[in-house]
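# Descriptive analysis of the structure
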Amino acid sequence: MDTETKKLVKDSIKHWERMLQWAEKQDPNSGVSQHTMYNNINEAWFSSDCPLCGKYVIDGCVNCPLEVLETQCNFTCSDWHQVDRSRTWREWTENAKVMIKTLQQILTEIGMED
């Protein structure tokens, strides 16, 4: 994997960490809202804000590093779908932590960690 892809994975981790930081400040029992998150921090968990999606979604996510771990976002059992299906901010934060670990694992699996 090239330097650009490594940067995209790292930027995606930062994206998820920013969202997690904001979400952890919300009432854990209140309902999840992508619009509320976006209105507060200018990003949410959809492809328009994901650095990896910015490169790979146009081609149907072919060769996206998430394929390395067979956790493509479009699979209904993926880490991303678990985040998207979250009903409360408590669930969302738990699932987002898994998503972050998956992205970190990509760096480890392909030998791109610092």
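Anything mentioned here points back to the structure above.
All values reported here derive from a predicted model rather than from experimental measurement. By convention here, each chain's residues receive numbers from 1 onward along its written sequence. The model is predicted, so local features are restricted to residues of pLDDT at least 70 and side-chain atom pairs to those at 80 or more, both for listing and for counting; the totals for chains, interfaces and linings are taken over all residues. The side-chain numbers reported here are obtained from all heavy atoms of the structure, hydrogens and water having been left aside.

### So, the pattern of salt bridges
- When a carboxyl oxygen of Asp or Glu lies within 4 Å of a side-chain nitrogen of Lys or Arg, that pair is called a salt bridge. Taken as a whole, this structure holds 4 salt bridges when the rule is applied.
- Close ionic contact of Lys55 with Glu4 constitutes a salt bridge, the shortest N to O distance being 3.3 Å. Here Glu4 lies in helix α1 (residues 3-23) and Lys55 lies in helix α3 (residues 51-56), a separation of 51 residues in the sequence.
- Among the salt bridges present, the one from Lys7 reaches Asp11, with a minimum N-O distance of 2.7 Å. Comment: elements are numbered from the N terminus, with helices defined as DSSP H or I runs of at least four residues and strands as E runs of at least two.

### Overview of the packing of α1 against helix α5 (residues 89-109)
- Axis geometry follows a simple rule: fit a line to the C-alpha atoms, using only the stretch in contact for helices, then measure angles between N-to-C directions, giving values from 0 to 180 degrees. Running from N to C, α1 and α5 point in directions that differ by 160 degrees, and their axes come no closer than 10 Å. By the angle between their axes, α1 is roughly antiparallel relative to α5. For the crossing formed where α1 meets α5, the hand is left-handed. In contact with Lys6, Val9, Lys10, Ser12, Ile13, Trp16, Glu17, Met19, Leu20, Trp22 and Ala23 of α1, α5 contributes Trp89, Trp92, Thr93, Ala96, Lys97, Met99, Ile100, Leu103, Gln104, Ile106 and Leu107.
- Residue classes in the contact of α1 with α5 are distributed as 15 nonpolar, 3 polar and 4 charged. Put simply, angles under 35 degrees are roughly parallel, angles over 145 are roughly antiparallel, angles from 65 to 115 are roughly perpendicular, and the rest are oblique. Crossings are classed by handedness, with left-handed meaning an anticlockwise turn of the near helix from the far one by less than a right angle and right-handed meaning a clockwise turn. Pairs of residues are marked as contacts when any of their non-hydrogen atoms sit within 4.5 Å. Charged residues are taken to be Asp, Glu, Lys and Arg, nonpolar residues to be Ala, Val, Leu, Ile, Met, Phe, Trp, Tyr, Cys and Pro, and polar residues to be all remaining types, Gly included.

The values reported here are purely geometric and, on their own, carry no functional implication.
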